[in-house]
Amino acid sequence: DGLSEHVCISPTGVVRAQRHVAVQEGPLYRTEGSHITIWCNVSGYQGPSEQNFQWSIYLPSAPEREVQIVSTVDSSFPYAIYTQRVRGGKIYVERVQGNSALLHITDLQARDAGEYECHTPNTDERYFGSYSAKMNLVVIPDTLQTTAMPQTLHKVEQDPLELTCEVATETFQHSHLSVAWLRQRGGEKPVEVISLSRDFVLHSSSEYAQRQSLGEVRLDKLGSATFRLTVFHLQPSDQGEFYCEAAEWIQDPDGSWYAMTRKRSEGTVVNVQPTDKEFTVRLETEKRLYTVGEPVEFRCILEAQNIPDRYFAVSWAFNSSLIASMGPNAVPVLNSEFAHREARGQLKVAKDSDSVFVLKIYHLRQEDSGKYNCRVTEREKTVTGEFIDKESKRPKNIPIIVLPIKSSISVEVASNASVILEGENLHFSCSIRTAGRPQGRFSVIWQLVDRQSRRSNIMWLDRDGTVQPGAAYWERSSFGGIQMEQVQPNSFSLGIFNSRKEDEGQYECHVTEWVRAVDWRVAGHRGAPGHLSALSPEMGFAVTAISRTPGVTYSDSFDLQCIIKPHYPARVPVSVTWRFQPVGTVEFHDLVTFTRDGGVQWGDRSSSFRTRTAIEKAESSNNVRLSISRASDTEAGKYQCVAELWRRNYNNTWTRLAERTSNLLEIRVLQPVTKLQVSKSKRTLTLVENRPIQLNCSVKSQTSPNSHFAVLWYVHKPSDADGKLILKTTHSSAFEFGTYAEDEGLRPRLQFERHVSGGLFSLTVQRAEVSDSGSYYCHVEEWLLSPNYAWYKLAEEVSGRTEVTVKQPDSRLKLSQAQGNLSVLETQQVQLECVVLNRTSTASQLVVEWFVWKPNHPERETVALLSREATFHYGEQAAKNNLKGRLHLESPSSGVYRLFIQNVAVQDSGTYSCRVEEWLPSPSGVWYKRAEDTAGQMAVTVMRPDAALQVDTVVPNATVSEKAAFQLDCSIVSRSSQDSRFAVAWYSLRTRAGGERDGLGLGEQEEEGDEEEEEDPTERMALLSVGPDAVFGPEGSPWEGRLRFQRLSPLLYRLTVLQASPRDTGNYSCRVEEWLPSPQKEWYRLTEEESAPIGIRVLDTSSTLQSIICSNDALFYFVFFYPFPIFGILVITILLVRFKSRNSSKNSDGKNGVPLLWIKEPHLNYSPTCLEPPVLSIHPGAID
């Protein structure tokens, strides 16, 4: 599947593969109702070869929720939504192999769209790799439509056929369509007539391929969705049901095309009535037995109706092999063999008449014996002028026998030897004896039959005296290695020089006698064998390697001998090669070779051996000795001797006859015994960060004064299984930093030192950090110089451990714990002080946080925070209580922080404290929190000002006459603040009958105190109320329209009651509420005060004249009705004048700083039923 396999190496050195799960690449687009498959493979796993697979889906409506579908191991795995489809076999998993499976969904539904996950349960020793893979499946509607009109057509042979099919799709994805017309007859398999592939390539099945290539069958696209099938000349074989089949293809992400859906149309039944075009064929000849050289004629006779108007093709066959063919144009075409005979006039293929076709052989050969036949095929001419085959017929075969001319020759074969040694020369002779008739010519062929009964031609001489070698002997013949000649008219020889092993076998001489009639004819054939055995030089060829010193130490010498058997003569060359496999490798390489011509050739990798190796070859034998001096570990390994037996070929090339490899000789070169000892003492070291860590490594003894040492420094942490390399100093004093030093940033902090004494090594870690704590040790390697001047590691040893603990500085942070209580008035300023008495380091940075506990609120809330970068931040409490803009921070000296809350409000009350964090820089420059402390608490109470409101009455008790006006003054003697505002209300006080009352308070706020005054027998009725925002309340009903309000000064309010009546007699009072603004500019009621009651008495002064006028209707209308319009116009004029004058007065008062009265021009109240003058009163709606 093209996936790379991941591997890992465990600490034990075992290579273990990493599990990898792969799933078919998505997204895949599939149509509803289709049968889909999704493959899933797993590789790199352990455990059984047969793995299990579990499929789940993540639906688009809940992409985080896994919905289980099907499992190969757990039948209860599917969720309820898929259980029925899994049990019904509509969803199942097909195993392809042990590690590969296919998910099948036979009837795809729209709800099956989503992200599919293939999971393989773990069978490994531990989790390593991926165990699942995901892909997306998109389900789209099946919109493919294939329609054709069902019908039944009756046609006659040669009639044309034309059918159309509509194919359409509405898929939004990019897809291709393929359309095919098929013919089905009965229960037979459908036959493809013609198709248009998705790549727009036309194709037909074998039955229609020729007709389609000739244009007899066409497929045309008309418009965007119509496909037309045309068959120009129907044949009886075309009968059946024709239908259209379309497929919609989409390209998957892996580049392959997939048929999402297939649809077929309704069928059209086509019946084809054949015409009468039957014909018969017969084959004739004179006799069946012939002799070589005689002629023969075969006549193929066609019997049919209307032959001249029809087209026929004739083909001739011999032993079922085509020899000639003739089309309707009567031009014969022969194959290569018979074409040569026809060209020489020995054969003729012709058309005698429209119904007779002739094959004539003028001179028969013996190989012409066999079965002859002819085949007649009727052809039909297409619209393009080309021919297509239709019905074909042939008669029975006619066998003939061609007898040979008899011959009486005999052949004998002789050789110079039957057994020779490979490389010697070989001679054969072939003698021919004849009797009874004149001698003709001979052709001779020498053949070799090897031990595997394979026959090959060596050389042959034809009847004309031309010699030709066989294909396998052509090269040897060209170099004179094989020769053939005619010694006498009846004697032929074969010579083989420098024989080979493959020349062994049975040699045969085949002689053919030729006589001439019309042409040369074979009169007879004879053959005779001869046997040859060739001995191979490699028989008994063997090589042995020996050594008397298999184990040596550095600088010693050792010898190796290569013994070759048997002893060969000088003409048989032998080459000897010593090969070497160094210790720790798996391949041999050539050291030195004694070549076949006596030279010495060194190998490519033998440079280290040349100056210390001597090679010697014995004169009396082919034995080779190898002597190596000053042995080192580079000479340690396995040695082997390879001998090769060679032969010189006819073309001056060499052939290796045999190769023998000796036994292995293992030479061990031992190193000196080590005396290395490293100090194993253990040490414990505790220090504060930023101090240096001093580590020592001491070598107590060494093997040689010339020893060099490589020192590796390690640290082991409790969380690690093994130590991690910090620094390595090689034996050549080169430095290499370990990955731990790079990852932890130790490189710039390391300092290595080798003391003059030579055996003491020191490593210093500067500016120690807490993370540097651990167990440190050194690993010492002892190196010596080998005899070949290469350094090698003799021994290694590990030192004792130094346990290092790096601590942070002790915390000395301390804050002032002074407690306090503070009470202030609103709008004043509060100072909160946070004093740091001591700190751990002067280089530390502080984070100061102020917080508050509110009454009835257990959780503390942050007011403000000063970060260690000196950035001031507001807390959540600042946002709640609108503290932003009212907080101010000062630090007059180091360690002293003062937070000021300006313009305090009651809601700022609470218990305040501060918390300080101390941050220190680590040696690497990273800041960390070392300590924190909380200071003493300060209880802050914010109070409102004391109430000083006093109200008095200015007007004493008064008596007024009826219809007159009386005044109710409300005077404020003192107030609590210059910023106060007042709400004023006047009440009528009357004694409640029966103890009941329905008195009204000051607006709606007065109603809240009703229950507290239920025992008060006084009935209170509100005349008028004015709020602190200068908004008037409704007038009391008895006084509606008769009230006039005035604010004479900021502390004096007056209410005038016009048109007094006896009902107005009683006590009156005014109630004043004092309102103050909070620091947040919100008004609140501080206190309220009520004046002493004022007694008002109204006298009844009714007139007799008034009674007379009011009781007489005629007099009433005379007095009041007629003057009314005139009087009204005058009043309106007066009001307009006064209104303008009051506006100018109001503007001037505002400029002089005198409080304005919230009064608009009063309206007139008068009664048409009395003689009282009009009354001016304040209407509540006219007051701003």
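Use the structure listed above.
Residues numbered from 1 in each chain as written. Predicted model: local features only at pLDDT ≥ 70, side-chain atom pairs only at ≥ 80, totals over all residues. Heavy atoms only, no water.

Asks: Would you mind going over a nonpolar patch on the surface in detail, with residue names and values included?
Replies: Among the surface-exposed residues, L289, I401 and L403 lie close enough to one another that they form a single nonpolar patch of about 270 Å² accessible area. Assessed through its relative accessible area of 48%, I401 is described here as partly exposed. (Patch = residues over 30% accessible without salt bridge, like charges linked within 9 Å, V, L, I, M, F, W, Y side chains within 5 Å. Areas by Shrake-Rupley, 256 points an atom, 1.4 Å probe, with all protein chains shown as cover. Salt bridge = Lys/Arg side-chain N within 4 Å of Asp/Glu carboxyl O. Buried < 20%, exposed > 50% of the residue type's maximum accessible area, 1.4 Å probe, protein only.)

Asks: Residues and numbers for the sheet that holds strand β57 (residues 693–701), please.
Replies: With antiparallel pairing, four strands are arranged side by side in an open sheet as β55-β57-β62-β61. Both edges of this open sheet fall to β55 (677–678) and β61 (750–754), since each of them pairs with a single strand only. By the bridge criterion, five bridges tie β61 to strand β62 (residues 760–765) in an arrangement that is antiparallel. Paired with Q751 across the strands is T764, a residue of β62. (Pairing = 2+ DSSP bridges. Helix = DSSP H or I, 4+ residues; strand = E, 2+ residues; numbered from the N terminus.)

Asks: Can you explain the packing of aromatic side chains? Please cite residues and give values.
Replies: Tallied over the full model, the rule gives 20 aromatic pairs. The interplanar angle of 65° and the centroid separation of 5.1 Å between the aromatic rings of Y311 and F387 together place this pair among those described as edge-to-face. Of this pair, Y311 sits in strand β26 (residues 311–318) while F387 sits in strand β32 (residues 387–393), and the two are 76 residues apart along the sequence. Look at Y311 and you get partly exposed, because its relative accessible area is 33%. (Phe/Tyr/Trp six-rings, centres within 6.5 Å; stacked < 30°, edge-to-face > 60°.)

Asks: Outline the pairing of strand β82 (residues 1043–1049), listing residues and values.
Replies: Where β82 and strand β83 (residues 1052–1057) come together, six bridges link them in antiparallel fashion. Paired with R1047 across the two strands is Y1053, which belongs to β83. Connecting β82 to the next strand, β83, in antiparallel fashion are two residues.

Asks: Got a sec to walk through the sheet that holds strand β29 (residues 347–351)? Specific residues and values, please.
Replies: With antiparallel pairing, four strands are arranged side by side in an open sheet as β23-β25-β30-β29. Two strands close off the open sheet at either side, each with one partner strand: β23 (279–284) and β29. Between one strand axis and the next, the sheet turns by 10° as a mean value, whatever way the strands run. The pairing of β23 with strand β25 (residues 296–304) spans six bridges and is antiparallel. Bridge pairing in β25 places F279 opposite A304. (Axes fitted to C-alpha atoms, helices over the stretch in contact; angles between N-to-C directions.)

Asks: I'd love a proper account of unusual backbone geometry, names of residues and values included.
Replies: At the junction of G26 and P27, the peptide bond is cis and its omega measures out at 0° in the coordinates. Inspection of the secondary structure assignment puts P27 in the loop between β3 (20–23) and β4 (28–31). The backbone of N903 shows a phi angle near 55°, a positive value even though the residue is not glycine. Among the secondary structure elements, N903 is positioned in the loop between β73 (896–901) and β74 (910–921). Look at Q1059: it is not a glycine, yet its phi comes out positive at around 55°.

Asks: Could you give an account of the state of the cysteines, with specific residues and numbers?
Replies: All chains considered together, the criterion is met by eight disulfides. Across the disulfide, C40 is cross-linked to C118 (sulfur-sulfur distance 2.1 Å). In this structure the cystine formed by C40 and C118 twists about its S-S bond by roughly -90°; its chirality is therefore left-handed. Here C40 is found in strand β5 (residues 36–43), whereas its partner C118 is found in strand β10 (residues 114–119), with 78 residues between them in sequence. What makes C40 buried here is its relative accessible area of 0%. The class of C118 is buried, set by a relative accessible area of 0%. The partner cysteine of C562 in its disulfide is C641, sulfur to sulfur 1.7 Å. Across the S-S bond linking C562 and C641, the dihedral sits near -70°, which makes this disulfide left-handed. Here the residue C562 occupies a position in strand β46 (residues 558–565), and C641 occupies one in strand β52 (residues 637–648), the gap between them amounting to 79 residues. (Disulfide = S-S within 2.5 Å.)

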